[in-house]
Structure formats: structure tokens, C-alpha cells
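Below, each chain spelled out in residue letters.
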Amino acid sequence: MAHQNQNTRKPSRQRNHRRRHHLLFKSCLIVLLTFTTRIANTNARVNYYGTSTPPFSVNTAGTIALATCLLTASCIKIVSTGNECLVERLGKYKRRLGPGLHLIIRPLERISFEVSTQEQVMDVPPQQCYTRDNAPIKADAVVFMRIIDSAKARYEVDNHRL
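So, here is what we can say about the structure in this document. (Residues numbered from 1 in each chain as written. Predicted model: local features only at pLDDT ≥ 70, side-chain atom pairs only at ≥ 80, totals over all residues. Heavy atoms only, no water.)

**Digging into the pattern of salt bridges**
Tallied over the full model, the rule gives six salt bridges. Across the salt bridge formed by Lys 77 and Glu 114, the nearest N and O atoms sit 3.5 Å from each other. You can see Lys 77 sitting in strand E3 (residues 76-79) and its partner Glu 114 sitting in strand E7 (residues 109-116), a full 37 residues away along the chain. Asp 149 is paired through a salt bridge with Arg 96; the nearest N and O atoms lie 2.7 Å apart. On the criterion of sequence distance, the pair formed by Asp 149 in the loop between strand E9 (136-145) and helix H3 (150-155) and Arg 96 in strand E5 (residues 92-97) is long-range, its members being 53 residues apart. Salt bridges sharing common partners tie together Glu 84, Arg 96 and Asp 149. (Salt bridge = Lys/Arg side-chain N within 4 Å of Asp/Glu carboxyl O. Helix = DSSP H or I, 4+ residues; strand = E, 2+ residues; numbered from the N terminus.)

Dropping the structure here:
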């Protein structure tokens, strides 16, 4: 028995499901465009020359589209590798954002804290001290620190940077 060709094979359930959603999306889009066109035609005004003008000009539609794009762009937050952000919704801690692309609802949510989770080096200046036999020495130190839990660093520590 010969193998079936790719074109003669029956589509899978997943493909049928995608096609149904695609057709549903197309039909909703057509209905929406038809409805808005009818509203625009019924609300059209007749100018001095007898031609109808739409209720919104191209400039108004472009301004609305630009404002919508800017609002959408301001709701997207990209967190780079090695960083974490904390999100507060209406002033209360909601979630932690790891590296990647995230969506934030701007009127309700805000980024309250952005921190690097990489290891940081803090140099302690040299200090003079005395041993038991009163010999002066200078002590120098380097502190390596890393924030493991950014929520605790924000809400449970007074000043994590020193």
C-alpha cells in the first residue's frame, strides 16, 4: 500500500480548530468593518459642493491610532537578563517580573523597583586599627553581594545599597 501524499491527508483536529478560529476572526472583522462603515455613512455630512464628508477626518483617525499605539507601547516592559522588576497594583505588591517581555496595565500597575540580580562588588576603604600588642595595621576589604529575593530587598530592608 502506497503512502498518502501530504495534500491528500485529512487535516488534523488542531488544523480544523485553527481554521474555525481564523474564519470566526475574519467574520467578526467583516461585521465590524461593515457596521463602522454604515455608522460613518449615516453620520456623514454634506458639504458645500454636495459631496458627503465622513464624520472623522484622516487626521483625527491618525491621531487616535497614534495615541492607541503609544498607549500600547507604554504598557510593554522589557526586562533584560540579570534584572528583576517588582510590579505594584494600586500600591500593593502584585508580582515579580523576570527577564523577558511583559505587559503592564499602566493606569492600575506600576514598576516599583528594578534591581540587578548579578553579583556586585563593594569596596570598603582601608582603615587603620591596632593589634593587642599596639602594632598599627591597615585593614582593607572587598564585599561581594547579590540580591536573591528582590521583594525582600524592597520591602524588608531599609537601605540595601548602603
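Let's pick the thread back up.
**Overview of the environment of Val 87**
The residue Val 87 is located in strand E4 (residues 83-89) in this model. For the pair Val 87 and Ile 104, spaced 17 residues apart in sequence, the C-alpha to C-alpha distance is 8.3 Å. Beyond its immediate sequence surroundings of up to four residues, Val 87 is in contact with Lys 92, Tyr 93, Lys 94, Arg 95, Leu 97, Glu 109, Arg 110 and Ile 111. (Contact = heavy atoms within 4.5 Å.)

**Section: the environment of Val 124**
Secondary-structure assignment places Val 124 in strand E8 (residues 120-130). Classification of Val 124 as partly exposed rests on a relative accessible area of 24%. Along the primary structure Val 124 and Val 143 are separated by 19 residues, whereas in three dimensions their C-alpha atoms are 7.2 Å apart. Setting aside anything within four residues of it in sequence, one finds Val 124 in contact with Asp 140, Ala 141 and Val 143. (Buried < 20%, exposed > 50% of the residue type's maximum accessible area, 1.4 Å probe, protein only.)

**A few points about the nonpolar core**
Formed by Leu 86, Phe 113, Val 115, Ile 147, Ala 151 and Ala 153, the largest nonpolar core amounts to six residues. Core analysis: the second largest hydrophobic core is formed by five residues, Val 79, Cys 85, Leu 97 and Ile 104 among them. (Core = buried A, V, L, I, M, F, W, Y, C linked by side-chain atoms within 4.5 Å.)

**Section: the sheet that holds E5**
Read across the sheet, three strands follow the order E5-E4-E7 without closing on themselves; strand pairing throughout is antiparallel. Looking at strand neighbours, the two that pair on one side only are E5 and E7, the edges of this open sheet. With strand direction ignored, the average angle separating the axes of adjacent strands in the sheet is 25°. Pairing of E4 with E5 involves five bridges; the strand directions are antiparallel. Looking at the pairing, Leu 86 lines up with Arg 96 of E5. (Pairing = 2+ DSSP bridges. Axes fitted to C-alpha atoms, helices over the stretch in contact; angles between N-to-C directions.)

**What about a nonpolar patch on the surface?**
The grouping of Ile 76, Ile 78, Leu 101 and Leu 103 at the surface amounts to a nonpolar patch, some 440 Å² of accessible area in total. If you list the elements that add at least two residues to the nonpolar patch, you get E3 and strand E6 (100-103). Examined against the element boundaries, Leu 103 turns out to sit in strand E6. Under the relative-accessibility criterion, Leu 103 is labelled exposed at 60%. (Patch = residues over 30% accessible without salt bridge, like charges linked within 9 Å, V, L, I, M, F, W, Y side chains within 5 Å. Areas by Shrake-Rupley, 256 points an atom, 1.4 Å probe, with all protein chains shown as cover.)

**Re unusual backbone geometry**
Positive phi, normally seen in glycine, also occurs at Leu 90, with a value near 55°. Taking relative accessible area as the criterion, Leu 90 reaches 69% and is therefore assigned exposed. The backbone phi angle of Asn 134 is positive, close to 60°, even though this residue is not glycine. With respect to the helices, strands and loops of the structure, Asn 134 is situated in the loop between E8 and E9. Asn 134 sits in the exposed class, given a relative accessible area of 62%.

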